[in-house]
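Observations on the model geometry
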Amino acid sequence: MNTPSPEAATGRIVLLTTSHRVAPGLLSWPAWQALRAADRVLCADGAHPQLPYLREAGIAVDEASPSAEELVDACAGGRTVVVVATGEGEPALTDGLARLAGSGRVAMPELELLPASYDLPGARLLDLVQVMDRIRVECPWSSQQTHKGLAKYGIEEAYELVEAIEDGDRDELREELGDVLLQVVFHARIAEEDPEAPFSIDDVAAGIVTKLIHRHPHVFGDETASTPEEVKEHWLRTKAQEKRRTSVTEGIPLHQPGLALAAKLASRVRTAGLDVPLPQTEGVGYELLALAARAESEGVDPEAALRAAARAYRDAIRETETETAPAPEGEG
């Protein structure tokens, strides 16, 4: 006569978790196997987004929220109970099961945590879109913002990102990248409301995906590139074909900082193989233009170089202030 194993006698509890960032009903094959083989399937949330799809697939789901003791009893005789977890992951139930197991007084069923769906890379961006939707509707300030009104914040956040990069502060870098991303999502959300030419964050993402694929034929196509210079050549050639520009100066934003503007113009001239002498005019502006062109030709970002020099000057100022500051009363 065969004696059932302790595991068979005490049964099995499967805690089935799902991601709200994955469409309901898209579950892993192990999850479907566990659901179909279960003696009982429970869910505390009658409005759980997975339930209609489970029932459509022929899975009987009981709306119930058993205690840890009740769940252990339900597994008696070797039965398998699947618990479809709510968004919080059933912390009260798992804590109760942990206490029972730790007490040593109860023969515990086999416990298994089974992820039925996984977040893909970038899944948290869906949360950002949803949060932005709600803020746009319910926040008195955000609901009134326009593209023009937000423009200054885009500039500020970009500069703060550059500062975090140059300072090498990883925590600050992560935060500033988030602030820049917020600007993108915010503008895209505002754009959805345009009565004549609306577009969404999905349109923005689709546009940049198409651009990246088209400008990387060495990755997604048949062309080859083994050096950064060849990659840049591909990029510039495909960009020129897309834009159909008649001048190398087209597309250069004239409102960017002066040194960056001068360096960008010099870069376009050099890349296009044009021979355009710098204006031979006296004045500080033309001297700065020549310095920016020289920096670009030597592979130096003039804006970054000037910021580095300015930070060194700032440190010298602070050092001088410390040395010349009057001593506190009672000292000296």
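Overview of the structure. Quick caveat, the model's predicted, so the values are computed rather than measured.

The helix and strand tally for the protein chain stands at 14 helices and five strands. For a compact globule of 332 residues, the expected C-alpha radius of gyration is about 20 Å, and the protein chain comes in at 31 Å, more than 25% above that figure. Dimensions of the protein chain, computed from the C-alpha atoms along their principal axes, are close to 105 × 75 × 45 Å. The contacts of the protein chain with a sequence gap of at least 6 include a subset with a gap of at least 24, amounting to 61%.

Below, the discussion takes up the sheet that holds strand β3 (residues 61-63). Here we have five strands laid out as an open sheet, ordered β3-β2-β4-β1-β5, and parallel in their pairing. Two strands lie at the open edges of the sheet, namely β3 and β5 (110-115), each paired on one side alone. Within this sheet the neighbouring strands show an average axis-to-axis angle of 25°, counted without direction. Pairing of strand β1 (residues 12-17) with β5 involves six bridges; the strand directions are parallel. Paired with L15 across the bridge in β5 is L113. Packed on one face of the sheet, helix α2 (residues 29-37) meets β1, β2 (40-43), β4 (80-84) and β5 and runs near 135° to β5.

In this section: the packing of aromatic side chains. Per the counting criterion, the structure on display carries two aromatic pairs. Measuring from centroid to centroid gives 6.2 Å for W141 and Y153, while their planes differ by 75°, and the two rings are edge-to-face. Linking W141 in the loop between α6 (124-138) and α7 (147-167) with Y153 in helix α7, this pair joins segments that are twelve residues apart in sequence. Judged by centre distance (6.5 Å) and plane angle (65°), the ring pair of W141 and F186 falls under edge-to-face. With W141 in the loop between α6 and α7 and F186 in helix α8 (residues 170-191), this residue pair connects regions lying 45 residues apart in the sequence. Exposure remark for W141: the relative accessible area of 43% places this residue in the partly exposed category.

Under the definition given, this model contains 16 salt bridges. A salt bridge links D127 to R21; the shortest N-O distance between them is 2.7 Å. Here D127 is found in helix α6, whereas its partner R21 is found in the loop between β1 and α2, with 106 residues between them in sequence. Each member of the pair D127 and R21 is classed as buried. Residues R174 and D171 are paired through a salt bridge, measuring 3.5 Å at the closest nitrogen-oxygen approach. Of the two residues, R174 and D171 both sit in helix α8, three residues apart, roughly one turn of that helix. One network of salt bridges, in which partners are shared, links R21, D119, R124 and D127.

Before going further, it helps to spend a moment on the packing of α7 against α8. For the pair α7 and α8, interaxial distance at closest approach is 9 Å and the crossing angle is 160°. Classified by the angle between their axes, α7 and α8 sit roughly antiparallel to one another. For the pair α7 and α8, the sense of crossing is left-handed. Along its contact with α7, which presents H147, L150, Y153, G154, E157, A158, E160, L161, A164 and I165, the element α8 presents E172, L173, E176, L177, D179, V180, Q183, F186, H187, I190 and A191.

Right, let's talk about the environment of I190 for a bit. Positionally, I190 belongs in helix α8. You can call I190 buried: its relative accessible area is 8%. Measuring from C-alpha to C-alpha, the distance between I190 and T18 comes to 31 Å, with 172 residues separating the pair along the chain. Residues within four places of I190 in sequence aside, it is in contact with R136, Q145, T146, H147 and L150.

Let us now look at the nonpolar core. If you look at the biggest cluster of nonpolar residues, it comprises 18 residues, and the most contacted ones within it are L16, L35, V41 and L54. Within the residue set of this core, elements represented by two or more residues are β1, α2, β2, α3 (51-56) and β4. Per element, the largest residue contribution to this core is four residues, and it comes from α2. Look past the residues within four positions of L54 in its chain and what remains in contact with it is L27, W32, L35, I59, V61 and V84.

Moving on: the pairing of β4. For a regular strand, side chains alternate in direction, first toward one face of the sheet and then toward the other. Most of β4 sits out of view: five of its five residues are buried. Side chains of β4 alternate between two faces, with T80, V82 and V84 and V81 and V83 buried alike. In this sheet, β4 lies alongside β1 in parallel orientation, the contact comprising five bridges. From the neighbouring strand, I13 faces β4, where its bridge partner is V81. Two strands pair when backbone bridges link them, and β2 and β4 are joined in this way by three bridges, in the parallel orientation. What sits directly across from R40, in β4, is V81.

Time to look at a negative patch on the surface. Taken together, E156, E160, E163, D167, D169, E172 and E175 make up a surface patch of like negative charges. If one sorts the elements of the negative patch by residue count, α7 sits on top with four residues. One can find D167 in helix α7.

Quick notes on the rules
- Residues numbered from 1 in each chain as written.
- Predicted model: local features only at pLDDT ≥ 70, side-chain atom pairs only at ≥ 80, totals over all residues.
- Heavy atoms only, no water.
- Helix = DSSP H or I, 4+ residues; strand = E, 2+ residues; numbered from the N terminus.
- Rg over C-alpha atoms; globule rule 2.2 N^0.38 Å.
- Contact = heavy atoms within 4.5 Å.
- Pairing = 2+ DSSP bridges.
- Axes fitted to C-alpha atoms, helices over the stretch in contact; angles between N-to-C directions.
- Phe/Tyr/Trp six-rings, centres within 6.5 Å; stacked < 30°, edge-to-face > 60°.
- Buried < 20%, exposed > 50% of the residue type's maximum accessible area, 1.4 Å probe, protein only.
- Salt bridge = Lys/Arg side-chain N within 4 Å of Asp/Glu carboxyl O.
- Parallel < 35°, antiparallel > 145°, perpendicular 65-115°, else oblique.
- Left-handed = near helix turned anticlockwise from the far one by under 90°.
- Core = buried A, V, L, I, M, F, W, Y, C linked by side-chain atoms within 4.5 Å.
- Patch = residues over 30% accessible without salt bridge, like charges linked within 9 Å, V, L, I, M, F, W, Y side chains within 5 Å.
- Areas by Shrake-Rupley, 256 points an atom, 1.4 Å probe, with all protein chains shown as cover.
- Lys, Arg positive; Asp, Glu negative; His and termini not counted.
- Charge placed at Lys NZ, Arg CZ, Asp CG, Glu CD.

None of this, on its own, says anything about what the molecule does.
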